[in-house]
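# Examining the three-dimensional arrangement
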4 protein chains.
Amino acid sequence: MIVVLKKESPKTQVENLIEWLESQKVGVHISEGEFSTVLGLIGDTASVDEHLLEGLEIVESVMRVSEPFKNANRKFHPEDTVIDIADHKIGGGNFQFIAGPCSVESHDQVLEIAEGVHKSGANFLRGGAFKPRTSPYDFQGLKAEGIEILLEAKEKTGMPIVTEIMSAAHLPLFENVDVIQVGARNMQNFDMLKELGRTNKPILLKRGLANTYKELLMSAEYIMSGGNENIILCERGIRTFETYTRNTLDIQAVTVLKELSHLPVIIDPSHAGGMSRLVKPMAMAAAAAGADGLMIEVHNNPSKALCDGAQSLTPAQFDDLTKNVRKILNALNEN
Amino acid sequence: MIVVLKKESPKTQVENLIEWLESQKVGVHISEGEFSTVLGLIGDTASVDEHLLEGLEIVESVMRVSEPFKNANRKFHPEDTVIDIADHKIGGGNFQFIAGPCSVESHDQVLEIAEGVHKSGANFLRGGAFKPRTSPYDFQGLKAEGIEILLEAKEKTGMPIVTEIMSAAHLPLFENVDVIQVGARNMQNFDMLKELGRTNKPILLKRGLANTYKELLMSAEYIMSGGNENIILCERGIRTFETYTRNTLDIQAVTVLKELSHLPVIIDPSHAGGMSRLVKPMAMAAAAAGADGLMIEVHNNPSKALCDGAQSLTPAQFDDLTKNVRKILNALNEN
Amino acid sequence: MIVVLKKESPKTQVENLIEWLESQKVGVHISEGEFSTVLGLIGDTASVDEHLLEGLEIVESVMRVSEPFKNANRKFHPEDTVIDIADHKIGGGNFQFIAGPCSVESHDQVLEIAEGVHKSGANFLRGGAFKPRTSPYDFQGLKAEGIEILLEAKEKTGMPIVTEIMSAAHLPLFENVDVIQVGARNMQNFDMLKELGRTNKPILLKRGLANTYKELLMSAEYIMSGGNENIILCERGIRTFETYTRNTLDIQAVTVLKELSHLPVIIDPSHAGGMSRLVKPMAMAAAAAGADGLMIEVHNNPSKALCDGAQSLTPAQFDDLTKNVRKILNALNEN
Amino acid sequence: MIVVLKKESPKTQVENLIEWLESQKVGVHISEGEFSTVLGLIGDTASVDEHLLEGLEIVESVMRVSEPFKNANRKFHPEDTVIDIADHKIGGGNFQFIAGPCSVESHDQVLEIAEGVHKSGANFLRGGAFKPRTSPYDFQGLKAEGIEILLEAKEKTGMPIVTEIMSAAHLPLFENVDVIQVGARNMQNFDMLKELGRTNKPILLKRGLANTYKELLMSAEYIMSGGNENIILCERGIRTFETYTRNTLDIQAVTVLKELSHLPVIIDPSHAGGMSRLVKPMAMAAAAAGADGLMIEVHNNPSKALCDGAQSLTPAQFDDLTKNVRKILNALNEN
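Residues numbered from 1 in each chain as written. Chains lettered and ligands numbered in written order. Predicted model: local features only at pLDDT ≥ 70, side-chain atom pairs only at ≥ 80, totals over all residues.

## Here's the deal with the overall build of chain A
Tallying secondary structure elements over chain A gives eleven helices and 14 strands in all. Once the C-alpha set of chain A is aligned to its principal axes, its extents read approximately 75 × 50 × 40 Å. Each of the 335 residues in chain A was classed as buried or not, and the buried ones make up 59%. In chain A, the share of contacts with a sequence separation of at least 24, taken over all contacts with a separation of at least 6, comes to 66%. (Helix = DSSP H or I, 4+ residues; strand = E, 2+ residues; numbered from the N terminus. Buried ≥ 20, exposed ≤ 12 C-beta atoms within 10 Å, placed from the backbone. Contact = placed C-beta atoms within 7 Å.)

As structure tokens, this is what we get:
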């Protein structure tokens, strides 16, 4: 970490800062310039808060040289992480489709969709039992009953299931869930992340609507520092000034996250744009950019399941999507 | 709510949508235009998800006419909410200073600061016992012990205390806390908001870094719909493209939130800019704009308490700040 | 356009508004609701400023039903625009590579790169003669001399040239330029857009760093309303809170712009991320998402031309990129 | 400037970079660390493009130690710049109100408003003759005739006038204009900035909707490097994710810009929020935060001049605003 001090800084304040840094077990190399003094911090600077330093009266600017995440860092783990879930691998060149309804509504609904997407090549079934909704007056999900329905569908189809958790207090209900999803709004619910770090469940960690790549990796680090290294990162759109689409899909995230980290990276095009007609082209773009998989909302009865109609595909549209994505994957695998 | 449909929409899809809306107990008024069909939704549309409608193939655009929040809405509660905490009122023209250290570190630290800020006119003591940190390797707070220390300071000084909660599972520790703070990163931790709605504690609800005014009010609504109407809204800076400051203080939030809602609105200038030299001018701006109070970080020993030095004032600086803020409040109260 | 009025609006103000709207040749349909009055504006509302209405005391909210752009609107021109430049077509299924150096530096540099990219399948040569630089102390381009060099390269290779204009006063220098580029910072230089509307040159119009889709299309409309309908839209990254990359490539722009407009849409992945290692995966994503072409920076001498090294590829890297992009285009064109 | 290189960087690339830097007349100090090599650049680094360096394969990150702006930099000009316009000073503790209509519509309109705001204490008259409009179908201003009308009002009232320029080609029309305004959309119209640098007119330079503090100061630098040092900086709201208000007023800009630069800083609260009811509280906040002045839209005939009604005050509202702002200024000037 490099800290640039202002030229006119009082000597005692500079000394206090250096003393404090050394008390944090960080070595300090000082070089005096014409307009500023530069401190080079040496050793384990992961626990030094750069915002704290930036705010000091005597500090001009701060730059991290090494990233504060370790377990998630590709520098220390050059090989791709491959997560094996019921014999379905994700990461390291293994591409997976995760598909299913927005909300779990009934046994029949889930089973019908599960069978449909399975036929089209999806290996994972997703569905929301606990639903994070902006309004307390919106449907909050079937909760425990919803998880039961997903587990029944798993039994019938053999597909491992992915579903979202909203409170660590619900963890006992997730005992037979294969992949626990952390939603964008809970990406920095640090207490819950710590609890998930104590489980051995694969975690699908969604990027928050206004969180940076590094913050996403620090949230992965919260889970990994507890001992659970099975994390799948998921880009699902970020909040920008553009309001025509619900969010802006940050497709560069695929390349950058895979460069910074060894963890698998998937794309959720259904939530990013919030319009079903954006799902297919964005899924194809994600595959072309090198993503490790896709998470897609699929609904079964367009005339009734209005809720899913917004950003969900029909099974036939999903089938068409998988065919087009596979064309791209195949073309890129040819020599 | 108004829903504009595309001209070329298939008749059966339009009929399905209208049928579904009516099944949600919403009246539908249809008017046909040259380039589009406009549906006017009548009745209680709070539970109709506008994003869902926006995503439908046949929908051109959606506009809410009435806000989806009720308990927090000034239209239905024209009078300012005034919250009385141990005889200190906030809202309705009552301005309050909430001050104290970033993190609770020791009994002596907290007591010294508490006495200092009390002398300068602060009526509430703040201090972090549970600390939300981006990195798992940063100091996470003294937790239960921190709350004990705050309660001791409360006993000695008579100041009610404000401290942050990070998980509903910790609620029993907050039994004697006067005001429970919900941090920006947990503004949409809906499960925790629901639990707080079942308590009778005043809640200081911070706006998330990338959350709109309406989302903040919907989060207040989560708490209020549970029966707890004692909410203080807090603007603490939002995330924008500008990186010179940590966040951008949205001063317009004061006027807008007080127009949309009857709840008190305070400003936290310490976190917004992340630089101690921005705190005083922004506190003065907040008072001039009509805020109901300020939440300010104050530290005691500048040479040692480095952590606080970033965005915190010394007690002397805080005293100067209160004097300047009072000049403005007094000038505006004169006739 | 729909205008929702506040319930308690003074009658005379409402009447004044309606009178004013009618004086703008707009029909007004009034419907009274429980909590608000809704005005439906009928006829040509393109010249009614929605921001103006939004700011009125009596107005609750405003929603445009029809877009304010006409010439650029797919509703009125359902067919894709295909622009033919020296027998190279762009749009309507015709994919083009535009490649060349960031800045024109010398005759030899440009010719070497032009020949290199031509061999790899680029049909258009790009190069900056006038350079918009944030700092007045940075190299501002070779200007007229730079355009001369590009024209020489055009003569030798037969490639039409694309180069940026920074002031309408320079138009005479662009007489033999094939495609005039408007940079992101000048997207709303309305006076220059009007001048370009009076020429018959194809215009490559880049989206501003913080401009919406609709603003981009309104800027196209400025040019088209002057009579010049040959516009190529270009997404080149937008400004968001994420700072790891220079800008965030908004890949959804491809789908949305092609839905709203009949104009061709290309992607500039070199400027979006600002890192050469992002160019290839983003170019592939753009092709998969349905873009009509790519604009890519290529440099010739990595050890010397440092300037280009940031976001530019070597000719060999560009050749590899075109091969991978073609794999995708070919796979998608197969049946 | 500090440049951190990746550990595994090829030696020849590092040597090429250093050689190139030295050819730019920049000294290079190299220090080798465990995970990276750090280059310290010494001397005049203003012309070294940091984005260029950031994009290089071998570069991990880049940090500027000294700002690239010089003429605008407070470090080299510690004293506040005070601009004297027809005996009205701005900057250095001199607070000014600039007021007038959004658009110049007629002689009578401008004169009536000018006399009204003059009575309330405004010393400068503003009014738009050339109007930058998002849509080509919106009213584009009275142009030369509008400037004539402003000059007549100046003659009658003695108030110096402020009006916007949209193209350097119009400069001859501005010969008798006192302050030339550069609008937000032209903040990076570098060719026009250069032309303005060759005049001796005071320039009111508005911050672009998505431009950083440093970019604003670099645009000031464009003008100043041409010899014109009379610049007034103006914050007028930035583009964020919040859409309830037109833009978000960045009140921290006042403190930061005055810290980084010696130039006067004013606030335009009319455009920031886009709602007349936000103007007064934001004007008061600006005064409390230390701004050097305000630019306020005022209209004369609320029932007719609808255009101005959105974000403009009536003369009576403006009079009330000035009284409240003065209360704050007076309170802060007392001892």
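## Overview of the packing of helix 5 (residues 190–197) of chain B against helix 6 (residues 213–224) of chain B
The angle between the axes and the distance between the axes are what describe a pair of packed helices. Residues and elements named next belong to chain B. Between helix 5 and helix 6, the least distance of the axes is 7 Å, while the angle of their chain directions is 45°. In terms of their interaxial angle, helix 5 and helix 6 are classed as oblique. Residue-level inspection shows Phe190, Leu193, Lys194, Leu196 and Gly197 of helix 5 in contact with helix 6, the latter providing Ser219, Tyr222, Ile223 and Met224. In terms of residue class, the contact of helix 5 with helix 6 is built from six nonpolar, two polar and one charged. (Axes fitted to C-alpha atoms, helices over the stretch in contact; angles between N-to-C directions. Parallel < 35°, antiparallel > 145°, perpendicular 65-115°, else oblique. Nonpolar A, V, L, I, M, F, W, Y, C, P; charged D, E, K, R; others polar.)

## Focus: the sheet that holds strand 4 (residues 59–63) of chain A
Backbone-to-backbone hydrogen bonds pair the strands of a sheet. The strands run either parallel or antiparallel. Residue and element names in this part refer to chain A. Here we have four strands laid out as an open sheet, ordered 2-3-1-4, and antiparallel in their pairing. Because the sheet does not close on itself, it has two edges, and the strands there are strand 2 (27–32) and strand 4. Across this sheet, the average inter-strand angle for adjacent strands is 20°, counted without regard to direction. Relative to strand 3 (residues 36–42), strand 1 (residues 2–6) runs antiparallel, the two being bridged by five bridges. Bridge pairing links valine 4 to valine 38 in strand 3. (Pairing = 2+ DSSP bridges.)

## Overview of the relation of the copies chain B and chain D
Least-squares fitting of chain B to chain D yields an RMSD of 0.0 Å, with the superposition described by an axial translation of 0.0 Å and a rotation of 180°. Those values place the two copies in the arrangement expected of a two-fold rotation axis. For chain B, the minimum C-alpha distance to the rotation axis belongs to alanine 285 of chain B and amounts to 2.0 Å. (Least-squares fit on C-alpha atoms with pLDDT ≥ 70 in both.)

## Let's talk about the interface of chain B and chain A
The interface of chain B with chain A comprises 46 residues on the first partner and 46 residues on the second. Put simply, the parts of the chain that give the side of chain B that touches chain A at least two residues each are helix 1 (11–23), helix 2 (50–55), helix 5, helix 6, helix 9 (276–289) and helix 10 (306–309) of chain B. By residue class, the composition of the side of chain B that touches chain A is 19 nonpolar, 16 polar and eleven charged.

## Points about the relation of the copies chain B and chain A
Between the two chain copies there is a screw-like relation: a rotation about an axis and a shift along it. Least-squares fitting of chain B to chain A yields an RMSD of 0.0 Å, with the transformation described by 0.0 Å of translation along the axis and a rotation of 180°. Comparing interface residues between copies, 100% of those in chain B also sit at the interface in chain A, which points to an isologous, same-surface contact.

## Thoughts on the sheet that holds strand 10 (residues 179–182) of chain A
All names here are of chain A. The strand order 7-8-9-10-11-12-13-14 describes a closed barrel built from eight strands, whose pairing is parallel. Between one strand axis and the next, the sheet turns by 30° as a mean value, whatever way the strands run. Looking at chain direction, strand 12 (residues 231–235) and strand 13 (residues 265–267) are connected through three bridges and run parallel. By the bridge assignment for strand 13, glutamate 235 is matched with isoleucine 267. Where helix 7 (residues 252–260) meets the sheet, it contacts strand 12 and strand 13, and its direction lies at approximately 170° from that of strand 13.

## What to know about the pairing of strand 9 (residues 161–165) of chain A
Residues and elements named next belong to chain A. Of all the five residues making up strand 9, five are buried; the element is thus mostly covered by neighbouring parts of the structure. As judged from the two bridges shared by strand 8 (residues 124–126) and strand 9, these two strands associate in the parallel manner. Looking at the pairing, arginine 126 lines up with valine 162 of strand 9. Considered for its hand, the β-α-β crossover made up of strand 8, helix 4 (residues 144–157) and strand 9 is right-handed. (Right-handed = clockwise from strand over helix to strand, strands pointing away.)

## Here's the deal with the confidence of the model for chain A
For chain A, mean pLDDT is 91; residues scoring 70 or higher make up 96% of the total. Both scores are given for the predicted complex: the pTM is 0.93, the ipTM 0.91. (pLDDT = per-residue confidence, 0-100.)

## Some points on unusual backbone geometry
Glycine aside, the phi torsion of most residues is negative, and most peptide linkages are trans. Of note, lysine 25 of chain A is a non-glycine position whose phi angle comes to about 65°, a positive value. Positionally, lysine 25 of chain A belongs in the loop between helix 1 (11–23) and strand 2. In this structure, lysine 143 of chain D takes a positive phi of about 55° despite not being glycine. By the secondary structure assignment, lysine 143 of chain D is in the loop between strand 8 (124–126) and helix 4 (144–157). For lysine 143 of chain D, a count of 15 C-beta atoms within 10 Å translates into the label partly exposed.

## Observations concerning helix 4 (residues 144–157) of chain B
Because each turn of an α-helix spans 3.6 residues, side chains separated by three or four positions end up pointing in the same direction. All names here are of chain B. Given a rise of 1.5 Å per residue, 14 residues ought to cover 20 Å, and the 20 Å separating the end C-alpha atoms of helix 4 matches this to within 8%. Gly146, Ile147, Ile149, Leu150, Ala153 and Lys154 are the residues of helix 4 that are buried. Mapping the buried residues of helix 4 onto a view down its axis gives an arc of 155°, with all of them on the same face. Across from the buried face of helix 4, at angles greater than 90 degrees, the exposed residues are Glu145 and Glu155. Against the buried residues of helix 4 lie helix 3 (107–119), strand 8 (124–126) and strand 9 (161–165). Immediately downstream of helix 4, the backbone of glycine 158 shows phi near 80°, a positive value. (Expected span 1.5 Å × (residues − 1). Arc of directions from axis to C-beta.)

## A look at the domain arrangement of chain A
By domain assignment, chain A separates into domain 1 (2–63) and domain 2 (83–333). A separation of 42 Å is found between the C-alpha centroids of domain 1 of chain A and domain 2 of chain A. (Domains from an automatic or database assignment.)

## A word on the packing of helix 9 (residues 276–289) of chain D against helix 11 (residues 315–333) of chain D
Residue and element names in this part refer to chain D. Where helix 9 meets helix 11, the closest approach of the two axes is 9 Å, and the angle between their N-to-C directions is 25°. Comparing their axes, helix 11 and helix 9 come out roughly parallel. Once helix 9 is placed against helix 11, the crossing between them reads as right-handed. Between helix 9 and helix 11, the contacting residues are Val279, Lys280, Ala283, Met284, Ala287 and Ala288 on the first element and Leu321, Asn324, Val325, Ile328 and Leu329 on the second. (Left-handed = near helix turned anticlockwise from the far one by under 90°.)

## Quick look at the interface of chain B and chain D
The interface is formed by 32 residues belonging to chain B together with 32 residues belonging to chain D. Elements that contribute at least two residues to the side of chain B that touches chain D include exactly helix 7 (252–260), helix 9 and helix 11 (315–333) of chain B. Partitioning the side of chain B that touches chain D into residue classes produces 20 nonpolar, nine polar and three charged.

## Notes on the pairing of strand 12 (residues 231–235) of chain B
All names here are of chain B. Most of strand 12 is tucked away, with five of its five residues classed as buried. One ladder, built from four bridges, connects strand 11 (residues 203–206) with strand 12; its direction is parallel. Opposite isoleucine 203, over in strand 12, you have isoleucine 231 as the bridge partner. For the segment spanning strand 11, helix 6 and strand 12, crossover handedness is right-handed. For the handedness criterion, the β-α-β arrangement of strand 12, helix 7 and strand 13 (residues 265–267) is classed as right-handed.

## Considering helix 11 of chain D
Counted at 1.5 Å a residue, the expected span for helix 11 of chain D with its 19 residues is 27 Å, and the 26 Å between its end C-alpha atoms agrees. Structurally, helix 11 of chain D contributes buried residues whose contacts are with helix 9 and helix 11 of chain B together with strand 7 (96–100), helix 3 (107–119), helix 9 and strand 14 (293–297) of chain D.

## A short note on the environment of leucine 332 of chain A
Structurally, leucine 332 of chain A can be placed in helix 11 (residues 315–333). In this structure, the C-alpha to C-alpha distance between leucine 332 of chain A and alanine 287 of chain A, residues 45 residues apart in sequence, is 9.6 Å.

## Some details on the environment of serine 225 of chain A
Relative to the helices and strands, serine 225 of chain A is located in the loop between helix 6 (213–224) and strand 12. In this structure, serine 225 of chain A is in contact with Asn71 and Gly197 of chain A together with Pro136 of chain B, ignoring residues within four places of it in sequence.

## Things to note about the environment of alanine 168 of chain A
All names here are of chain A. Of note, alanine 168 is situated in the loop between strand 9 and strand 10. On the basis of neighbour count, alanine 168 is assigned to the buried category, with 20 C-beta atoms found within 10 Å. Separated by 26 residues in the primary sequence, alanine 168 and lysine 194 place their C-alpha atoms 9.2 Å from one another. Among residues more than four places away in sequence, those in contact with alanine 168 are Asp191, Met192 and Glu195.

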